[in-house]
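Residues per chain are reported as follows:
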Number of protein chains: 2
Amino acid sequence: MSEHKKDDISRELRRKRRVISVAMGREAADLVLKNASYANVFTGEVLTADIAVAEGLIAGLGSYSGREERDCTGKLVLPGFMDAHIHLESSLVAPAEFARAVLPHGTSTVVTDPHEIANVMGTDGIAYMLQATEGLPVDVRFMLPSCVPATPLDESGAALEQEDLDGFYSHPRVQGLAEMMNFVGVLAGDEGVLAKLAAASLADKRTDGHAPDLAGNGLNAYIAAGVRSDHECHDLQDATAKLERGQYIMIREGTAARNLEALAPLLCGKYGGRCLLCTDDKHPGSLLEQGHIDAIIRQAIALGADPITAIKAATLNAAQYFGLHDRGAVAPGYLADLVVIDNFQSFQVEAFYKKGILAAENGAALPFPVPVVEPRLTERALHTFQVGTLTAQDFRSSGPQGVVGMVDGEITTVDAGRAGAPDIARDILRAAVVERHKGTGHIGLGFLQGYGLKSGAVATSISHDSHNIIVVGASEEDCAAAVNRVAELNGGIVVWKEGRPVAEVSLAIGGIMSSESLETVNEKLEAAKAAAYALGVNRGIDPFMTLSFMALPVIPTLRITTRGVFDVRTQDYV
Amino acid sequence: MSEHKKDDISRELRRKRRVISVAMGREAADLVLKNASYANVFTGEVLTADIAVAEGLIAGLGSYSGREERDCTGKLVLPGFMDAHIHLESSLVAPAEFARAVLPHGTSTVVTDPHEIANVMGTDGIAYMLQATEGLPVDVRFMLPSCVPATPLDESGAALEQEDLDGFYSHPRVQGLAEMMNFVGVLAGDEGVLAKLAAASLADKRTDGHAPDLAGNGLNAYIAAGVRSDHECHDLQDATAKLERGQYIMIREGTAARNLEALAPLLCGKYGGRCLLCTDDKHPGSLLEQGHIDAIIRQAIALGADPITAIKAATLNAAQYFGLHDRGAVAPGYLADLVVIDNFQSFQVEAFYKKGILAAENGAALPFPVPVVEPRLTERALHTFQVGTLTAQDFRSSGPQGVVGMVDGEITTVDAGRAGAPDIARDILRAAVVERHKGTGHIGLGFLQGYGLKSGAVATSISHDSHNIIVVGASEEDCAAAVNRVAELNGGIVVWKEGRPVAEVSLAIGGIMSSESLETVNEKLEAAKAAAYALGVNRGIDPFMTLSFMALPVIPTLRITTRGVFDVRTQDYV
């Protein structure tokens, strides 16, 4: 046995000895939550005891005293909450800033799929996120992005094959392979797709699913291939078909996609041990206004879910699914990730302890050290734009091009015919996607109808899933200027009018995340939205989020790609 | 990536591709259980479908055809059963023979603690059992024996420290650390004990418990130290205290210890996801007459347990506890370990498929290759006796010695005073424990009252937990002769009368297991029992099993050890 391992065992031994000593009452605990009513996720009951903490673990439940004590009379203590599936990048802030935002909501663990940054930076993106989350008071676990690029039609910053992902499985915070969106590839037996599933199976890791409404033999095949969860269910029929076949169901309630109301009935009775909670995407405004997993539990209870079943979905069930045996319950030997709330109805988090250390209280996180990312990766993340200065000419077309018709409140589109030039009167705007990762100079041109802009342009480097620059403008000049500004910022959202940016959100980390605080990003984003609406953007759509989906060539009907307007029906360029 | 790993991934990829193809209906399945009503452990329902099997996995549930089909109309199909805790040695036969016995009962997986053979052969004993179980159609998983010797008072064949166990954690069939009987050592913070717990924790392995009636702070400490299960609960109060604190409860129903009747109420309702089934010890007669886990489920249902909850305890719950994500349910992607029974009430196993291959039908296992153990270990296992030829003089004492008073139907004893010589009229028999592992020549002498023997002697090399030779006889001459015969057999049970063995069971593998068939061993054992009773042995006790516990110096009141009669109350020799 190596000296290193001997040291590890010796350290763990001393730790256990102290926990035992505290549990036995021979030594004072580090912390005692006195007289706490706590949710017992094993029995479904609320029980009352002192909760003694030592060495970051719950040492005992009973009658204890500690060097620090918190009177929890009349309060409820719950295990720390887990988000079973999120893309941290969707918060538009750096991971440490995300942590600061969610700690006051009792989030102890999030399982992230760094799909967005991997589309920009490939394995460097995964490495960046691993380093940027190391040691955070929110334990950030990873599922490796399975579908980069999301489609071969995309021009992303990287393509990740099984061989690229494999080395990450040995990282202690990598739990498996993230949402296998390419279920068509699975069912067809695609070599590259199956290699990723095979490698995850051999590493004894989990594979998450993403297969809305897949049923029958297709669902059998998808699950038999090793996909053990799904977070895309939008009705009970879809969910129960998957539960019956052994998938865990992640009930998703995020910013854009919200399935809780439809699926809340699962949080009573027989499926109570097989459901998890997740947000998938959580934007700055909804993080600030609603909170995080706490908000989902609160809403689930309001919808009639059994409180402890809802809490169990956010704790023990998630821990079991991901094989994180050290967390998810208020019980001896479990991590002292403890949330103090007022009651099940108002469900206000008053304090959150991470491994027995106060991490947040009364809505504010306590300070913590921000992880240091190695300079090479930081430099790389801050310089991901390979775009020369563009002119109006780059956005002019020689012949007619497809017009993508936007639909209020939807991200699907309609085929709105063809056009040769912008026509503000008919709400036909110039739109383009500018390849920005590899300096190819590709600019896909087309038109957008229904966006409503009357003058200027809107450009953003968040465009799913490859995060090229998508722009929509009243004129080619405005388009060029807005795109140039995005590139100059090394990424961001720009609202351009009359020769200047009237609003902008810098997103310099990979072109998709800001280095600023969540509050600042949210303010700038709201200001930019207001500026966009002031330019005439249709209030039935989100000026940036809806725009960002216009580049994703997997959703009907027409999309704009770096190679032009693409018809999803015919799988061909217009 | 190594070529080896590439090959593994490539093989797994091809396997997945075929499973997908079968699930999709593009290819015929290897096997289809047609029109099967199956227990869905996820939903608690009985559902009906064709179960398609490919590559040893369940490919799909629906409508399928296969190269082989079995009409299951009117039958019930269940996931293969798991015994969560057993000492395989207790069957008195070699592991392959045990497998042959339990396959017809639908046993797919057993988790064994090779505690008995490790007491004889140390790490060689663990290695022997790993090799002797490699590739068996019953998947034998291991928990590493945590308490060898069971007590420092014992003179066992080996002492296993953390360093000795550590290398085994990387074996693919080792799931963790077996029952930590030394809970006193845990609570006292004993260095050697905590080192074993620490190593198991660091290896991310499970630690099983063994702590009857431990409660309060002691229970907190024991669980906080990392012990996540218990199989010693004999009443609901003990079990619920442990369930509340997060332990999984293994409901034990073995040959000697039987807790099902007391604990069956746990198999309904809220604890249904946290209970497992186990036998702990299962002797030849009860294996042959009652069966295995199938018998426990049948009895649980008869006692009022919800059938699918009882089945879940024997399948999915056990798989979850041990981190065996590939089994425990009838669902796509799970191992095709499938039990066909008639109905929940009579619960007769008609067929058992292991990884989709018929392994047993109508009460008989199909032939399978017996694993080959390397010659060094086989030789070692067959020669574990270091005892010279003994004479009556070796069993005579110079002064008075303690008399161990046996109690009908119990393994506890009473202090029955002192004696200087056997006195058949008063049922005071010569008893001794002969150290047999290391040639120390230690012979602990004493007397036994309540055994009832009128002439001759009974000796056995099964004596808990060190498996020295324990003997009881009407005279010192008989004792010497019986012990010599046991040593000559390289282990076994001998009933000696008038200068010859009137019955014997050879147990040449480590002195604790036979190389013969279970039926033969059982016949010989029953014949030996009859012979012992014919010699006058008290019918209120088992002539061999009860005797084997007289050497275990942890149960009150008096015990016979290799160093003489020991008083458990005073922790001193009499």
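Residues numbered from 1 in each chain as written. Chains lettered and ligands numbered in written order. Predicted model: local features only at pLDDT ≥ 70, side-chain atom pairs only at ≥ 80, totals over all residues. Heavy atoms only, no water.

Visitor: What is the right way to look at the overall build of chain A in this model?
Guide: Looking only at helices and strands, chain A has 18 helices and 28 strands in total. Expected size for 574 residues packed as a compact globule is a radius of gyration near 25 Å; at 25 Å, chain A falls within 12% of this value. Here the C-alpha coordinates of chain A stretch approximately 85 × 55 × 50 Å along the principal axes. Across chain A, every contact between residues at least 6 apart in sequence was considered, and the portion connecting residues at least 24 apart equals 68%. When the accessible area of chain A is evaluated, it comes to approximately 18500 Å², of which 50% is carbon and sulfur surface. (Helix = DSSP H or I, 4+ residues; strand = E, 2+ residues; numbered from the N terminus. Rg over C-alpha atoms; globule rule 2.2 N^0.38 Å. Contact = heavy atoms within 4.5 Å. Areas by Shrake-Rupley, 256 points an atom, 1.4 Å probe, with all protein chains shown as cover.)

Visitor: Would you mind going over the pairing of strand β9 (residues 174–180) of chain B with me for this structure?
Guide: Regular strands have side chains that alternate between both faces of the sheet. All names here are of chain B. The element β9 is extensively covered by neighbouring structure, given that seven of its seven residues are classed as buried. Two strands pair when backbone bridges link them, and strand β8 (residues 139–144) and β9 are joined in this way by three bridges, in the parallel orientation. Counted as the bridge partner of Phe 142 is Val 174 from β9. Relative to strand β10 (residues 206–209), β9 runs parallel, the two being bridged by three bridges. The partner of Leu 177 across the bridge, within β10, is Thr 207. (Buried < 20%, exposed > 50% of the residue type's maximum accessible area, 1.4 Å probe, protein only. Pairing = 2+ DSSP bridges.)

Visitor: What exactly am I supposed to notice about empty space enclosed by the protein here?
Guide: All names here are of chain B. Applying the stated rule across the entire model yields five cavities of 30 Å³ or more. Approximately 240 Å³ is the volume attributed to the largest cavity. Here the residues of the lining of the largest cavity are counted per class, giving 10 nonpolar, five polar and eight charged. In this structure, the second largest cavity spans a volume of roughly 70 Å³. Looking at the second largest cavity, it is lined by 13 residues, and the ones nearest its centre are Asp 154, Val 433, Asn 468, Ala 551 and Thr 562. Here the residues of the lining of the second largest cavity are counted per class, giving four nonpolar, seven polar and two charged. (1 Å grid on protein atoms, 1.4 Å probe; cavity = no way out; pocket = protein on both sides within 12 Å on 5 of 7 lines; lining within 4 Å. Points joined across faces, edges and corners; volume = space filled by probe spheres on them. Nonpolar A, V, L, I, M, F, W, Y, C, P; charged D, E, K, R; others polar.)

Visitor: Looking at this model, I keep getting lost on the packing of aromatic side chains. Mind explaining?
Guide: Two aromatic rings are characterised by how far apart their centres lie and by the angle between their planes. Here the structure, examined in full by the defined rule, presents 12 aromatic pairs over all chains. Judged by centre distance (6.0 Å) and plane angle (65 degrees), the ring pair of Phe 42 of chain A and Tyr 334 of chain A falls under edge-to-face. Separated by 292 residues along the polypeptide, Phe 42 of chain A in the loop between β1 (31–40) and β2 (45–54) and Tyr 334 of chain A in the loop between α14 (316–322) and β14 (338–341) bring together distant segments of the chain. Each of the two residues, Phe 42 of chain A as well as Tyr 334 of chain A, counts as buried. Among the aromatic residues, those joined into a cluster by ring pairs are Tyr 248, Tyr 321 and Phe 322 of chain A. One Lys or Arg, Arg 228 of chain A, reaches over the ring of Tyr 334 of chain B and ends 4.2 Å from the middle of that ring. Over the ring of Phe 385 of chain B we find Arg 436 of chain B; its NZ or CZ atom is 4.0 Å from the centre of that ring. (Phe/Tyr/Trp six-rings, centres within 6.5 Å; stacked < 30°, edge-to-face > 60°. Lys NZ or Arg CZ within 6 Å of the ring centre and 35° of its normal.)

Visitor: Explain the interface of chain A and chain B here, please?
Guide: Accessible area lost upon the coming together of the parts serves often as the stated size of an interface. Taken together, the contacts link 67 residues of chain A with 67 residues of chain B. With both sides pooled, the region where chain A packs onto chain B buries about 5400 Å², and carbon together with sulfur makes up 56% of that total. Taken together, the connections running from chain A to chain B amount to six salt bridges. Note that Asp 166 of chain B and Lys 5 of chain A form a salt bridge whose closest N and O atoms lie 3.0 Å from each other. If you look at where chain A meets chain B, you find 30 residue pairs in polar contact (both at pLDDT 80 or more). With 10 residues, helix α1 (residues 3–23) of chain A is the single largest residue contributor to the side of chain A that touches chain B. (Buried area = accessible area lost by both parts, 1.4 Å probe. Salt bridge = Lys/Arg side-chain N within 4 Å of Asp/Glu carboxyl O. Polar contact = N/O pair within 3.5 Å; in protein donor to acceptor, adjacent residues only side chain to side chain.)

Visitor: Explain the sheet that holds strand β13 (residues 275–278) of chain B here, please?
Guide: Hydrogen bonds between backbone groups are what pair the strands of a sheet, and the pairing can be parallel or antiparallel. All names here are of chain B. The strand order across the open sheet formed by three strands is β11-β12-β13, and the pairing between neighbours is parallel. Each of the sheet's edge strands pairs with one partner strand only, and the pair in question is β11 (229–230) and β13. In terms of strand pairing, strand β12 (residues 248–252) meets β13 through four bridges, oriented parallel. Counterpart to Ile 251 in the pairing with β13 is Leu 277.

Visitor: Explanation requested: the relation of the copies chain A and chain B in the structure shown.
Guide: Here the second copy of the chain follows from the first by a rotation about an axis and a shift along it. At an RMSD of 0.1 Å, chain A and chain B line up after a rotation of 180 degrees and a shift of 0.0 Å along the axis. Overall, the copies show the geometry of a two-fold rotation axis. A share of 100% of interface residues in chain A that are also interface residues in chain B marks the association as one of identical surfaces. (Least-squares fit on C-alpha atoms with pLDDT ≥ 70 in both.)

Visitor: I'm lost on the packing of α1 of chain A against helix α8 (residues 216–224) of chain B in this one. Help?
Guide: Two quantities define a packed helix pair, namely the angle between the helix axes and the distance between the axes. Running from N to C, α1 of chain A and α8 of chain B point in directions that differ by 165 degrees, and their axes come no closer than 8 Å. Judged on the interaxial angle alone, α8 of chain B and α1 of chain A are roughly antiparallel. In this structure, α1 of chain A meets α8 of chain B at a crossing whose hand is right-handed. Taken together, the residues of α8 of chain B that come into contact with α1 of chain A (itself represented by Val 19, Ile 20 and Ala 23 of chain A) are Asn 217, Asn 220, Ala 221 and Ala 224 of chain B. (Axes fitted to C-alpha atoms, helices over the stretch in contact; angles between N-to-C directions. Parallel < 35°, antiparallel > 145°, perpendicular 65-115°, else oblique. Left-handed = near helix turned anticlockwise from the far one by under 90°.)

Visitor: Would you mind showing me how to read the sheet that holds strand β28 (residues 572–573) of chain B here?
Guide: All names here are of chain B. Here three strands make up an open sheet; going across it, the order is β26-β27-β28 and the pairing antiparallel. Two strands lie at the open edges of the sheet, namely β26 (558–561) and β28, each paired on one side alone. Two strands pair when backbone bridges link them, and strand β27 (residues 564–567) and β28 are joined in this way by two bridges, in the antiparallel orientation. Pairing of Asp 567 across the sheet is with Asp 572, part of β28.

Visitor: Sorry if this is basic, but what is going on with the pattern of salt bridges here?
Guide: Two side chains carrying opposite charge are able to pair once their charged atoms lie near each other. All names here are of chain A. Counted according to the given criterion, the structure contains 80 salt bridges over all chains. For Arg 380, the salt bridge identified is with Asp 124, shortest N-O distance 2.7 Å. Pair noted here: Arg 380 is in helix α15 (residues 375–382) and Asp 124 is in helix α4 (residues 123–132), with a separation of 256 residues, a long-range link. Each of the salt bridges in this network shares a partner with another, and the network as a whole consists of Arg 18, Glu 27, Asp 30, Glu 55 and Arg 67.

Visitor: Got a minute to help me understand the side chain of Ser 156 of chain B in this structure?
Guide: Residue and element names in this part refer to chain B. Turning to its location among the elements, Ser 156 is positioned in the loop between β8 and α5 (162–166). Take Ser 156: its relative accessible area is 8%, and that puts it in the buried class. Every residue in contact with Ser 156, bar those within four places of it in the chain, is listed here: Asn 119, Pro 149, His 437, Lys 438 and Ser 466.

Visitor: Looking at this structure, I do not really get the environment of Ala 416 of chain A. What am I missing?
Guide: All names here are of chain A. For Ala 416, the location among the structural elements is in strand β19 (residues 413–419). Linking Ala 416 and Ala 39, residues 377 residues apart in sequence, is a C-alpha distance of 55 Å. Ala 416 has contacts with Val 403, Gly 405, Gln 449 and Leu 558, leaving out every residue within four places of it along the chain.

Visitor: Can you walk me through unusual backbone geometry in this structure?
Guide: All names here are of chain B. With an omega of -10 degrees, the peptide bond between His 464 and Asp 465 qualifies as cis. Residue Thr 557 is reached from Pro 556 by a cis peptide bond, and omega for that bond is 5 degrees. Topologically, Thr 557 is positioned in the loop between α18 (545–549) and β26. Notably, Asp 427 is not glycine yet its phi reads approximately 55 degrees, a positive angle. Counting through the fold element by element, Asp 427 comes out in the loop between β19 (413–419) and β20 (428–434). For Asp 427, a relative accessible area of 15% puts it in the buried group.

Visitor: Honestly, the pairing of β26 of chain B in this entry has me stumped. Any pointers?
Guide: Residue and element names in this part refer to chain B. Burial of the side chains of β26 extends over both faces: Leu 558 and Ile 560 are buried on one face and Arg 559 and Thr 561 on the other. The pairing of β26 with β27 spans four bridges and is antiparallel. Paired with Thr 561 across the two strands is Gly 564, which belongs to β27. Between β26 and β27, which pair antiparallel in sequence order, lie two residues.

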